[in-house]
Amino acid sequence: MQELTHYIGGAHVKGTSGRFSDVYNPATGEVQAKCPLASPEELAHAVEVAAKAQPAWAAVNPQRRARVMMKFVDLLNRDMDKLAEALSREHGKTMPDAAGDVQRGLEVVEYCIGAPQLLKGEFTDSAGPGIDMYSMRQALGVTAGITPFNFPAMIPMWMFAPAIACGNAFILKPSERDPSVPLMLAELMEEAGLPKGILQVVNGDKEAVDAIIDHPVIQSIGFVGSTPIAEYIYGRGCSNGKRVQCFGGAKNHMIIMPDADMDQAADALIGAGYGAAGERCMAISVAVPVGDETADRLVEKLVPRIEALKVGPYTGGKDVDYGPVVTAAAKENILRLIQTGIDQGADLVVDGRNFNLQGYEDGFFVGPHLFDRVTRDMDIYQKEIFGPVLSVVRAQSYEEALGLAMDHEYGNGTAIFTRDGDAARDFANRINVGMIGINVPIPVPLAYHTFGGWKKSAFGDLNQHGPDAFKFYTRTKTITSRWPSGIKDGAAFNFKAMD
Ligand code: NAD
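Predicted model only: the values in this text are computed from it and were never measured.

**Q** Hey, could you go over the sheet that holds strand 6 (residues 122-128) for me, with residue numbers and the actual values?
**A** Spatially, 3 strands are ordered 6-7-23 in an open sheet, and the strand pairing comes out antiparallel. In the strand order of this sheet, the two ends are held by strand 6 and strand 23 (474-482), each with one partner. Taken pair by pair, the neighbouring strands of this sheet meet at an average axis angle of 25 degrees, ignoring direction. Bridge count between strand 7 (residues 131-139) and strand 23: 9 bridges; the pairing is antiparallel. Across the sheet, Ile131 pairs through a bridge with Arg482, a residue of strand 23.

**Q** Got a sec to walk through helix 2 (residues 62-78)? Specific residues and values, please.
**A** For helix 2, built from 17 residues, the straight-helix expectation of 24 Å at 1.5 Å per residue is met to within 8% by its first-to-last C-alpha distance of 25 Å. All of the buried residues along helix 2 are Arg65, Ala66, Val68, Met69, Phe72, Val73, Leu75 and Leu76. For helix 2, the secondary structure elements touched by its buried residues are helix 1 (40-59), helix 3 (80-91), helix 4 (95-112), helix 5 (115-118), helix 6 (154-165) and helix 7 (180-191). At the N-terminal end of helix 2, a side-chain oxygen is found 3.0 Å from the backbone nitrogen of Gln63, two or three residues along, and the residue is Asn61.

**Q** So, the pairing of strand 4 (residues 20-25): which residues are in play, and what are the values?
**A** Only one face of strand 4 is buried, namely the one carrying Ser21, Val23 and Asn25, since none of Phe20, Asp22 and Tyr24 on the opposite face is buried. Judged from the 6 bridges that link them, strand 4 and strand 5 (residues 30-36) form a sheet pairing that is antiparallel. Bridge pairing in strand 5 places Ser21 opposite Cys35. Turn length for the strand 4-strand 5 hairpin, with the two strands adjacent in sequence and antiparallel, is 4 residues, and the turn residue Gly29 shows positive phi of about 80 degrees.

**Q** Report on the sheet that holds strand 15 (residues 347-350), specifying residues and quantitative values.
**A** Taken in spatial order, the 7 strands of this open sheet run 15-16-17-14-13-19-20, and their pairing is mixed. Unpaired on one side and paired on the other, strand 15 and strand 20 (435-438) mark the two borders of the sheet. Sheet twist, expressed as the mean angle between neighbouring strand axes with direction ignored, is 20 degrees. The sheet contact formed by strand 15 and strand 16 (residues 369-372) spans 3 bridges and is antiparallel.

**Q** Before we move on, could you go through the side chain of Asn412 and cite the residues and values that matter?
**A** Within the secondary structure layout, Asn412 lies in the loop between strand 18 (410-411) and strand 19 (413-417). Residue class for Asn412 comes out buried when judged on its relative accessible area of 2%. Ignoring any residue separated from it by four or fewer positions in sequence, one finds Asn412 in contact with Gly249, Ala250, Asn252, Cys281, Met282, Val433, Gly434, Met435, Phe451, Gly452, Gly453 and Ser457.

**Q** Residue-level account of the environment of Asn439, with values.
**A** Along the chain, Asn439 falls in the loop between strand 20 and strand 21 (454-455). According to the relative accessible area criterion, Asn439 is partly exposed, its value standing at 27%. With 179 residues separating them along the chain, Asn439 and Ala260 place their C-alpha atoms 8.7 Å apart. Apart from residues lying up to four places away in sequence, Asn439 is in contact with Gln264, Ile416, Phe417 and Thr418. Within the structure, Asn439 has its side chain in polar contact with the backbone nitrogen of Thr418 (distance 3.0 Å).

**Q** I'd love a proper account of helix 10 (residues 262-274), names of residues and values included.
**A** One turn of the α-helix equals 3.6 residues, which is why residues spaced by three or four share an orientation. In this model helix 10 runs 18 Å from its N-terminal to its C-terminal C-alpha over 13 residues, within 8% of the 18 Å that 1.5 Å per residue would give. Listed as buried for helix 10 are Met262, Ala265, Ala266, Ala268, Leu269, Ile270, Ala272, Gly273 and Tyr274. Against strand 13 (252-256), strand 14 (284-289), helix 11 (292-307), strand 16, strand 17 (389-392) and strand 19 lie the buried residues of helix 10. Where helix 10 begins, one side-chain oxygen reaches toward the backbone nitrogen of Asp263, 3.1 Å away; that side chain belongs to Asp261. With its phi angle positive at about 55 degrees, Ala276 sits one or two positions after the end of helix 10.

Conventions adopted
Residues numbered from 1 in each chain as written. Predicted model: local features only at pLDDT ≥ 70, side-chain atom pairs only at ≥ 80, totals over all residues. Heavy atoms only, no water. Pairing = 2+ DSSP bridges. Helix = DSSP H or I, 4+ residues; strand = E, 2+ residues; numbered from the N terminus. Axes fitted to C-alpha atoms, helices over the stretch in contact; angles between N-to-C directions. Expected span 1.5 Å × (residues − 1). Buried < 20%, exposed > 50% of the residue type's maximum accessible area, 1.4 Å probe, protein only. Contact = heavy atoms within 4.5 Å. Polar contact = N/O pair within 3.5 Å; in protein donor to acceptor, adjacent residues only side chain to side chain.

Below, the structure written as structure tokens:
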């Protein structure tokens, strides 16, 4: 049995807490590795190493820091297949999807190559007699991030790439369910020229997370995961005086107007609803056709597409559409919620509960499900299922459809499918959700825009990546300077205009 490590001070370090968690191959159900769960002392050691290394890294000029990012991009491309394979083995997603996970992180690294430009301050010449005023962005110091299982490459890179490009040290606490790729990324960053101690990986669970939140040297915390944990970390982190951004769960609605291209909408729902077994925070889990006729046409088009889906292991080749879910516990939770849907009166149009894959009977596979006539009060509508389950909620008007998405507690992403520019524009303007797709089902912004939801999907003011990340990982300092110029204005006791 492989025993995974932490990555501290530029070396793989064995866990010393004596606590481990199991890392599964979700396709076979076998435990393939043990992940060490750090104690507060192990976390404190990593912080000490980071705090020693960070000032010298902050003093490296931004262009040289950017060159490390450039080299890192090359190494990610060189090792793409290796990374994708390791990712699929622990997560279960297909290899092309795993390569996409690495690729979307890589694009954030590419954006961070622009650090010299992005970190430029502002300067006002002659703000007053002989007075210049300028502002600069300085690194925070030691920063930390806590990431979920579902994007073990992309989400760590969302955080550590900008943090490090800004001159910080970064401690990553990845998901204990798929920790191998984060460890590989830390090795690659050092191969790219990053000094030891600037990017460290401390594996663990709640104990390590609490140690991060409470450690006085850590200046900021980035979190992505489920909403209850996001709220907890945000509250406790803020009360400890840290800068905190926490991203939570989702229930993304796609509205299908009567004039939509129904084939396009159905295809979009298949990819967005069932891709990665529905384990994406931007997955569409609720389809809202407007009018019963639209709903009937949509369901008619969805059913054969869903029945044709190929569910299999990541080793199954190009034909596999999606793989297993991450753990047996995740599978049980999904099946339990499906049962509540049946009990509460939703119409289970496609039933994947008896899905069985020969040779992979112990894998955590869940067949695809489609519920029709789901209503607001049902658990399958209110809760995030995070599995291959799509719910159709029939709305009788556009206003009713809009209201559904507006009233839901989550506000990560949403989409509208229509040929009507007015409706699309109205939707984009009025909806209280962070990321909107118009005839685009998973509107994940590219690296040079920012990513973030609203309502219970995000806590904190700044989004992930794009310009916001460079604000989150720096502090602004504003300097007013005057050099002797023969002007004598005596002591001043009041605010006054400089001119
Ligand atoms: P999770 O909340 O279970 O775990 C996320 C991280 O928190 C992990 O590193 C885990 O070790 C840690 N953690 C777990 N329990 C904890 C506790 N009690 N105290 C402190 N830390 C704890 O989430 P997950 O299952 O890994 O990921 C799936 C969730 O993440 C879904 O809800 C999904 O919507 C969400 N997600 C959101 C976004 C977004 O951008 N909004 C992106 C990806 C995933």
